[in-house]
Amino acid sequence: MAKATATTDVPVKELEGLTVQDVAQNVTPWTVEGPEVNGVKLAIDYDKLIVQFGTRRIDEAMLERFTKVTGHAPHLFLRRGIFFSHRELDVILDRHEQGKPFYLYTGRGPSRGHMHIGHMLPFVFCKWLQDVFDVPLVVQLTDDEKFLYKSDLKAEQTYQYAVDTVREIAAIGFKPEKTFIFSNMGFMGGAFYRNVLKISRCITYNMARSSFGYTETDHIGKIHFPSIQAAPAFCSTFPAIFGSHTDIPCLIPCGIDQDPYFRLTRDVAKPLKFKKPSLIHGQFLPALQGVTTKMSSSIDSSAIFMDDSPNVIKNKINKHAFSGGPTSLKELQEFGSNPDVDISYQYLTYFVDDDQEIADLAMSYRRGEITSGDMKKRCIEVLQKFVGDFQEREKAITQADVEDFMNPDYPRPFAALTRK
């Protein structure tokens, strides 16, 4: 794998009496790690990423405009800064206010087995955005990238991973009338491939190397892949949905680690006479072991998976979830607990919509009025319901449903085109 160059330095800060200076954190499409000093790991510094990547914070003024334009209160992911950064979200809000069309684009690198709850975040958010704006969504499943980066996998395996993933995404509540989910291996060709070629001719090796840190030992499949991830950001990739239009932009909800791909995409939009995509960036759901890294599909004990049973969820939280509480009742009563590093509390901020409950939990925890066991118990209840409800919906998804979502010619009338 290429050694990506997107690292950043954390400014001087105090950590329990230890001065921390010039500490590198590593946030790339392949690696997400907080900085480490003298063996002490720190959390991801998202403020630093905003500066490094040159994005803009989603501030109160933006949230107020969102409410005014859409008539909807912001989703909890927006209210709590979970989706915290953007590139030209204001352009999308302007278009919606003017009755002009746009669409949503997100993606997933399919893998063996079920997604974990961290993978669910952008899709849950996309479903809410789709309902608020009444727009189409295209979902790219990068089975080709998985094959290119995982030398032990066969192309047939990664394609099957993609097909299996469609069932999970569908279970979030999407409808094929407004949602096209495609495997790159299955859909590549026609207008999609023509745009890939146009994009690839605009991206030099030096541009790709600067963005991703490619070296002379990386094969050309890796170097070419950014052109493939960029293509769905342009509406002419999907003539079955958008007809002959080339001027309909998209909004891309994604993890901040994917921003390097779309910086390149925005760079090539102008010479190709396409609309630049807008982006909205999310934070990472931390691993059970703590806030310094994100969940990993390859480490079972780091994640809650969407096929975990209620008992498995309970055991994982009780055994592995990092606690912000002290080791004794005396210390709890004297010093309280720290919800900022407590994983059970952190998960609740992602999955409990009630702002008052979240505020009360944090205050009670800091005051020592509730224990880490109490916090874990509430977290277990919430995650068991979230995962259990998903599992019931997934059971109802048929093979015919999967085929409808993956069919590029399935009828997807885009009503907003008639309002342009």
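Computed from a predicted structure; not experimentally measured. Here the residue numbers are simple positions, counted from 1 along each chain's written sequence. Restriction of local features to residues with pLDDT of at least 70 applies here, the model being predicted, together with a cutoff of 80 or more for giving and counting side-chain atom pairs; totals for whole chains, interfaces and linings are based on all residues. Heavy atoms throughout the structure, all of them, feed into the side-chain values; hydrogens and water do not.

> For this particular structure, what's the right way to read the packing of helix α10 (residues 205-212) against helix α13 (residues 259-272)?
Relative orientation and spacing of two packed helices are given, respectively, by the angle between their axes and the distance between those axes. Between α10 and α13, the least distance of the axes is 9 Å, while the angle of their chain directions is 150°. Between α10 and α13, the angle is such that the two are roughly antiparallel. The chirality of how α10 crosses α13 is right-handed. For the pair formed by α10 and α13, the contact residues are M207, S211 and F212 on the first element and P260, Y261 and L264 on the second. Of the residues assigned to the contact of α10 with α13, the class counts are five nonpolar, one polar and no charged. In this description, a line fitted to the C-alpha atoms serves as the axis of each element, helices being fitted only across the stretch in contact, and the angle between N-to-C directions of two axes falls anywhere from 0 to 180 degrees. For helices the rule is a DSSP run of H or I covering at least 4 residues; for strands it is a run of E covering at least 2, with both sets numbered from the N terminus onward. Comment on the angle field: the value is read as roughly parallel under 35 degrees, roughly antiparallel over 145, roughly perpendicular from 65 to 115, and oblique elsewhere. In this scheme the handedness of a crossing depends on how the near helix is turned from the far one: anticlockwise by less than a right angle means left-handed, clockwise means right-handed. In what follows, a contact means two residues having at least one pair of non-hydrogen atoms within 4.5 Å. Ten residues, namely Ala, Val, Leu, Ile, Met, Phe, Trp, Tyr, Cys and Pro, are considered nonpolar, four, namely Asp, Glu, Lys and Arg, are considered charged, and the remaining ones, Gly among them, are considered polar.

> Explain the sheet that holds strand β10 (residues 103-108) here, please?
Consider a sheet: its strands pair through backbone hydrogen bonds, and that pairing is either parallel or antiparallel. What makes two strands pair is DSSP finding at least two bridges between them. Pairing is mixed in the open sheet, where seven strands are placed in the order β8-β9-β14-β13-β10-β11-β12. The strands lining the two open edges of the sheet, one partner per strand, are β8 (56-57) and β12 (179-183). Pairing between strand β9 (residues 83-87) and strand β14 (residues 278-282): four bridges, direction antiparallel. What sits directly across from H86, in β14, is I280. Where helix α5 (residues 117-133) meets the sheet, it contacts β9, β10, β11 (137-141), β12, β13 (250-255) and β14, and its direction lies at approximately 165° from that of β10.

> Teacher, can you tell me more about the pattern of salt bridges here?
If the charged atoms of two oppositely charged side chains come close together, the side chains can form a pair. Any carboxyl oxygen of Asp or Glu within 4 Å of a side-chain nitrogen of Lys or Arg constitutes a salt bridge here. This structure, assessed with the given rule, holds 22 salt bridges. With its nearest N and O atoms 3.7 Å apart, the salt bridge here joins K294 to D257. Taken as a pair, K294 in strand β16 (residues 290-294) and D257 in the loop between β13 and α13 lie far apart in primary sequence, 37 residues in all. Summary of the burial criterion: residues with accessible area below 20% of their type's maximum are buried, those above 50% are exposed, and those between are partly exposed, where the area comes from a 1.4 Å probe applied to protein chains only. Since its relative accessible area comes to 6%, D257 is described here as buried. Across the pair R378 and E381 runs a salt bridge, and its minimum N-O distance is 3.4 Å. With R378 and E381 both in helix α18 (residues 372-395) and three residues apart, this pair spans about one turn of that helix. Judged by its relative accessible area of 26%, R378 is partly exposed.

> Could you clarify how one ought to interpret the nonpolar core in this entry?
One broad trend across soluble globular proteins is that nonpolar side chains are buried collectively. Here, nonpolar core means buried Ala, Val, Leu, Ile, Met, Phe, Trp, Tyr and Cys residues that are tied together by side-chain atoms lying within 4.5 Å of each other. L78, I117, I317, Y347 and L383 are the most contacted members of the largest nonpolar core, which totals 74 residues. Per element, the largest residue contribution to this core is 10 residues, and it comes from α5. Ignoring anything within four residues of it in the chain, the contact list for L78 reads I58, L63, F66, F83, F125, W128 and I280. Residues F180, F192, I228 and A230 belong to the second largest nonpolar core, which totals 38 residues.

> Teacher, can you tell me more about empty space enclosed by the protein here?
Any empty space left between the atoms is revealed when a probe the size of a water molecule rolls over them. Here a cavity means grid points, on a 1 Å grid over the protein atoms only, where a 1.4 Å probe fits yet cannot get out; a pocket means an open set of points with protein on both sides within 12 Å along at least five of seven lines; lining residues are those with an atom within 4 Å of a point. Grid points are joined across faces, edges and corners, and a volume is the space filled by probe spheres set on the points. Tallying each qualifying case throughout the model produces one cavity of 30 Å³ or more. Together, F66, L78, L89, F125, L129, F133, L251 and I280 line the largest cavity. For the lining of the largest cavity, the element with the most residues is α5, which contributes three residues. Grouping the amino acids of the lining of the largest cavity by side-chain chemistry returns eight nonpolar, no polar and no charged.

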